[in-house]
Structures are given as C-alpha cells and as structure tokens.
Amino acid sequence: SRAVTGTVFQTYEWHRAWIHAFGAAEGLRIVSVRDSGGLRAIAPFRLDGRRGERILRFVGDERSDYADVIYCAGHEECLTEILDALRHGPDEIDAIELNNIPAASPTVGTLERGGARGWRVFRSAAVPCPAMAIAGEEAFVRRVLQKKSLRRHARHYEKIGGLRVEHLREAAEIRGELPAFFTQHIQRWALRGPQSLFVDRENREFYRSLAEEMAESGVLLFTTVRSQGRPIAYHFGFQDGQKLLWYKPSFDISLASRSPGLV
C-alpha cells in the first residue's frame, strides 16, 4: 500500500496465487531491504532456467500487466542494494529481464543513471496502455455510450427480455462461473488464431487461485452478463481504488453478430 507503483499485480495475494498455480517456489529469489525504520523494499524475483540460461524475472512475469520492485517513496536507492546483493550472491545469473515496468516507476531511470552497478542496461520497446478517464470526461463517455452500433445491439437484448448484469465478489460464486468463462474464452480464440491461454491447465488453476486469494481482499471484480437466463459475457477484472482494471473478457461466440461483449 506504500509502494511507489503499487497495483493489484504487486499484492501479496497476486504473488501467492501465481506461485501456487505455477509451482515456482523452488526458483523464488525474494530480496527484502530493511533499515532502522523497518521494511523499505521487496524485490519479488524468480530464477528461470528453462531455456538453458539462468535469467532473473519478476514473479508473475507473462501474467502481470504491471511488474516492479516494490519500494516506498524516497527509497529508490534500495534497487542498487538489491542488485548488488544478487550479483554477489550464491546464484550464477546470466541476465535480469524486468518486463512490464510502469512508465511512472523510477526503476528504469535508477538503472540507467548507474544504479545497476556491474550490469549493462538495455531498454526494450515501450508498450502503450490505453485508458478511459471518466471523472471530468463525462461528456466524452456519454458519446461513447451513444454509438449507433452499441445502441442497436442493446435494443436487441431489450426486446428479448433485457440483460441481467451482476458483479460477483465472493470466491464461491466466482468459482461456479469459471468453467463457463473458460469455455467461452477457448471458443472465442479458436476462431481467431492463437489458442486461448485457458487450454493450459496451469492457467486455469491460476485463475481459480486468483478467485480464492483476491476475492477475500475485495479487489477482484467478476462480472456476469445474462440474457434469457444464459451467460452471454463475462469479465474477470479488478477494482483498484477508483480504477477499474480491464483484464480478461469473454463472450458467447454464437452471439458474435449481436456483440454481447460490447454491450
């Protein structure tokens, strides 16, 4: 909660669910920095040797929209201490690969200003992250919601009995909806080319673990949309303060021409 770039992807619950699902406990390299004032930083790393090289990555890599060293404001120098400890530690490390660091994080600047003593630093391509501001932009949001295509599809569902939208926060309720959510996502991506991540058992287990861990913290927001009693769309996302994080949607592919996900 005191982290400079703290998001749901930096929480204890997120890391715990990831470790449980992917069985990576043996590769964990969690480095903490403390001083007389207490805990100042945590680096949630894991050592990945799957491809012949020993690469240090963030716990949650490839599944976290954002990842970072977790440190309090004003203690960015802890990153240098962490990297020094790893460089002189017992592990042989070929590279450190830090993906999905937020643009607002001081991490990249600290590394490039010499904070990575003994390491060569390379910056890869940046990835834009779209967002829609609502507060102060209400007129724009109303225009989005009045698009002709959206209104046309919404009227269709109104004519056949309307829509029932529910936001679920209890783990037991969410667990009961996950099989249908997985099926929708798999069927949708089967038509698009690359297969759904939910074809993989470990990914399904990860989402079940997230439902258990993050529902209890009140951050997880799982939305169901029903028409005539059947689920036509889902969204597995998070409410982080006043922000809704759009994470993983699905919809009934048989209704694609009626855009249930958009509605």
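Everything discussed here concerns the structure shown above.
These figures come from a predicted structure and were not determined experimentally.

So, the packing of helix 2 (residues 78–87) against helix 3 (residues 107–115)
At a minimum axis distance of 10 Å, the contact between helix 2 and helix 3 shows a crossing angle of 65 degrees. With respect to helix 3, the element helix 2 is oriented roughly perpendicular. Where helix 2 crosses over helix 3, the two elements pack in a sense that is right-handed. Residues Leu-79, Thr-80 and Leu-83 of helix 2 touch helix 3, and the partners they reach there are Thr-107, Thr-110, Leu-111 and Gly-115. When its residues are assigned to classes, the contact of helix 2 with helix 3 shows three nonpolar, four polar and no charged.

Examining helix 5 (residues 148–159)
Between its first and last C-alpha atoms helix 5 spans 17 Å; for twelve residues at 1.5 Å apiece the expected length is 16 Å, and the two agree. Turning to helix 5, its buried residues number three or more, namely Leu-150, His-153 and Tyr-157. Down the axis of helix 5, the buried set is contained in an arc of 75 degrees. They therefore lie on one face. In helix 5, the exposed positions angled more than 90 degrees off the buried face are occupied by Lys-148, Glu-158 and Lys-159. Contacts from the buried residues of helix 5 go to helix 4 (138–145), strand 7 (220–227) and strand 8 (230–240). Count one or two residues on from helix 5 and you reach Gly-161, which has phi positive near 120 degrees.

Quick notes on the packing of aromatic side chains
Enumeration according to the criterion identifies 25 aromatic pairs in this entry. Consider the rings of Phe-9 and Tyr-247, whose centres lie 5.8 Å apart with planes at 45 degrees: the pair is tilted. With Phe-9 in the segment before helix 1 (12–22) and Tyr-247 in strand 9 (residues 243–251), this pair connects stretches of sequence that are 238 residues apart. We note that Phe-9, like Tyr-247, is buried.

Quick word on helix 6 (residues 171–192)
Across its 22 residues, helix 6 extends 30 Å between first and last C-alpha, which sits within 8% of the 32 Å expected from 1.5 Å per residue. The sharpest bend along helix 6 comes to roughly 40 degrees, located at Leu-178, with the proline Pro-179 sitting one to four residues further on. Residues of helix 6 that are buried include every one of Ala-171, Ile-174, Glu-177, Leu-178, Phe-181, Phe-182, Gln-184 and His-185, and no others. One or two residues past the end of helix 6 sits Gly-193, with phi positive at roughly 130 degrees.

Concerning the side chain of Asp-252
Here Asp-252 lies in the segment after strand 9. Reaching out from Asp-252, the side chain makes a polar contact with the side chain of Arg-230 at a distance of 2.4 Å. A distance of 2.7 Å separates polar atoms of two side chains, one belonging to Asp-252 and the other to Ser-254. When residues no more than four places from it in sequence are discounted, the contact partners of Asp-252 are Gln-184, Arg-230, Pro-231, Ile-232 and Pro-260.

What about the sheet that holds strand 7?
Pairing is antiparallel across the open sheet formed by four strands, whose spatial order is 6-7-8-9. In the strand order of this sheet, the two ends are held by strand 6 (164–168) and strand 9, each with one partner. For this sheet, the mean inter-axis angle between neighbouring strands, taken without regard to orientation, is 20 degrees. By the bridge criterion, five bridges tie strand 6 to strand 7 in an arrangement that is antiparallel. Residue pairing in the sheet places Val-165 in a bridge with Val-225 of strand 7.

Remarks on the nonpolar core
Judged by nonpolar contacts, the single largest core of 30 residues is most densely connected at Phe-181, Phe-206, Tyr-207, Phe-236 and Phe-238. Broken down by secondary-structure element, the contributors of at least two residues to this core are helix 1, helix 6, helix 7 (201–217), strand 7, strand 8 and strand 9. No other element matches helix 7, which puts six residues into this core. Sequence-distant contacts of Phe-236, defined by excluding residues within four places in its chain, comprise Leu-178, Phe-181, Tyr-207, Leu-210, Ala-211, Leu-220, Leu-221, Phe-222, Tyr-247 and Lys-248. Counting residues in hydrophobic clusters, the runner-up holds 19 residues, among them Ala-41, Phe-58, Ile-82 and Leu-83.

Focus on the pairing of strand 3 (residues 55–58)
When strand 2 (residues 38–48) meets strand 3, the two strands line up antiparallel, connected through four bridges. By the bridge assignment, Phe-45 is partnered in strand 3 with Phe-58. Linking strand 2 to strand 3, which pair antiparallel, is a turn of six residues; within it Gly-52 sits at a positive phi near 90 degrees. Summarising the sheet, strand 3 and strand 5 (residues 95–97) pair through three bridges and their orientation is parallel. Bridging from a neighbouring strand, Arg-57 pairs with Glu-97 of strand 5.

About the criteria used
Residues numbered from 1 in each chain as written. Predicted model: local features only at pLDDT ≥ 70, side-chain atom pairs only at ≥ 80, totals over all residues. Heavy atoms only, no water. Axes fitted to C-alpha atoms, helices over the stretch in contact; angles between N-to-C directions. Helix = DSSP H or I, 4+ residues; strand = E, 2+ residues; numbered from the N terminus. Parallel < 35°, antiparallel > 145°, perpendicular 65-115°, else oblique. Left-handed = near helix turned anticlockwise from the far one by under 90°. Contact = heavy atoms within 4.5 Å. Nonpolar A, V, L, I, M, F, W, Y, C, P; charged D, E, K, R; others polar. Expected span 1.5 Å × (residues − 1). Buried < 20%, exposed > 50% of the residue type's maximum accessible area, 1.4 Å probe, protein only. Arc of directions from axis to C-beta. Phe/Tyr/Trp six-rings, centres within 6.5 Å; stacked < 30°, edge-to-face > 60°. Bend = angle between axes of the 7 residues up to and from the residue. Polar contact = N/O pair within 3.5 Å; in protein donor to acceptor, adjacent residues only side chain to side chain. Pairing = 2+ DSSP bridges. Core = buried A, V, L, I, M, F, W, Y, C linked by side-chain atoms within 4.5 Å.

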